[in-house]
Amino acid sequence: GISSELGQWPVQLALIPARAPYLQHADLVILADCTAVAYANLHHDFIRGRVVAMACPKLDDTGPYVEKLAEMIEVNDFRSVEVVMMEVPCCSSLMGVVQNAKAKADSQVRLKKTIINLEGNINEG
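A brief structural summary.

Analysis parameters
Residues numbered from 1 in each chain as written. Predicted model: local features only at pLDDT ≥ 70, side-chain atom pairs only at ≥ 80, totals over all residues. Heavy atoms only, no water. Helix = DSSP H or I, 4+ residues; strand = E, 2+ residues; numbered from the N terminus. Buried < 20%, exposed > 50% of the residue type's maximum accessible area, 1.4 Å probe, protein only. Contact = heavy atoms within 4.5 Å. Areas by Shrake-Rupley, 256 points an atom, 1.4 Å probe, with all protein chains shown as cover. Lys, Arg positive; Asp, Glu negative; His and termini not counted. Charge placed at Lys NZ, Arg CZ, Asp CG, Glu CD. Expected span 1.5 Å × (residues − 1). Disulfide = S-S within 2.5 Å. Pairing = 2+ DSSP bridges. Axes fitted to C-alpha atoms, helices over the stretch in contact; angles between N-to-C directions. Core = buried A, V, L, I, M, F, W, Y, C linked by side-chain atoms within 4.5 Å.

Observations concerning the overall build of the protein chain
Move 1: Regarding its fold elements, the protein chain presents 4 helices and 4 strands.
Move 2: Traced from its N-terminal end to its C-terminal end, the protein chain shows the element sequence β-α-α-β-α-β-α-β.
Move 3: Within the protein chain, the fraction of its 125 residues that count as buried is 45%.
Move 4: In the protein chain, 73% of the contacts between residues at least 6 apart in sequence involve partners at least 24 apart.
Move 5: For the protein chain, the exposed area adds up to about 6800 Å²; of that, 52% sits on carbon and sulfur atoms.
Move 6: Here the protein chain contributes 11 positively and 15 negatively charged side chains, and the mean placements of these two sets differ by 3 Å.

Section: helix H4 (residues 93–104)
Move 1: Over its 12 residues, H4 extends 17 Å from the first C-alpha to the last, a length consistent with the 16 Å expected when each residue adds 1.5 Å.
Move 2: Looking at the buried residues of H4, the elements they touch are strand E1 (27–32), helix H3 (63–76), strand E3 (80–86) and strand E4 (110–116).
Move 3: After H4 finishes, the residue Asp 106 shows a positive phi value of roughly 50°.

Description of the side chain of Thr 35
Move 1: Relative to the helices and strands, Thr 35 resides in helix H1 (residues 35–38).
Move 2: On the basis of relative accessibility, which here comes to 0%, the residue Thr 35 falls in the buried class.
Move 3: Contacts of Thr 35, omitting those with residues within four sequence positions, involve Leu 42, Val 84, Met 85, Met 86 and Ile 116.

Here's the deal with the state of the cysteines
Move 1: Per the counting criterion, the structure on display carries 0 disulfides.
Move 2: Cysteine Cys 56 remains unbridged, with the sulfur of Cys 34 as its closest cysteine sulfur at 6.1 Å.
Move 3: When its relative accessible area of 14% is taken as the criterion, Cys 56 is described as buried.

Some points on the sheet that holds E3
Move 1: What the 4 strands build is an open sheet, ordered E2-E1-E3-E4; its pairing is parallel. Of all strands in the sheet, those bounded by a partner on one side alone are strand E2 (51–55) and E4. When strand polarity is set aside, the average angle formed by the axes of neighbouring strands in this sheet is 20°.
Move 2: Where E3 lies against E4, 7 bridges are found, and the strand directions are parallel. When the bridges of E4 are listed, Ser 80 appears paired with Arg 110.

Section: the nonpolar core
Move 1: Residues Leu 28, Ile 30, Leu 31, Leu 69, Met 72 and Phe 78 are the most contacted members of the largest nonpolar core, which totals 42 residues.
Move 2: Of all the elements in the fold, those that place two or more residues in this core are E1, helix H2 (42–47), E2, H3, E3 and H4.
Move 3: For this core, the leading source of residues is H3, giving 6 residues.
Move 4: Ignoring anything within four residues of it in the chain, the contact list for Ile 30 reads Ala 53, Leu 69, Val 81, Glu 82, Val 83, Val 84, Leu 94 and Val 98.

Here's the deal with the pairing of E1
Move 1: Counted residue by residue, E1 has 6 buried out of 6 residues, so it is predominantly covered.
Move 2: In E1, alternate side chains face the same way, and those of Asp 27, Val 29 and Leu 31 on one face and Leu 28, Ile 30 and Ala 32 on the other are all buried.
Move 3: As paired elements, E1 and E3 share 5 bridges and run parallel to each other. The residue of E3 that forms the bridge with Leu 31 is Val 84.

Laid out in structure tokens, this is it:
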């Protein structure tokens, strides 16, 4: 059968300590909450071999997220950061939060954005 690729706990961005040992030199994937149920192959395509942080830019207070992500980016020397979000207006601010955190951390880490559409597929282009 299919098994979980999740390698750490907790997964909610608000709960992850910025200096958790498993963050060092990791490939970080920031998932909008809804992607977990919208994209069927999430574990295989996005979680395997990565550290996961989940957030909802509409329901969460994202103010503290810029600070927290900036600290995470600054102290952990991530190999890459990917934002996986839904193709809905309420999700659109998540990438901005991450871009602001990267700028605040004065980091050159590579950022990637993947958008999942309402049919549960990756939006190409």
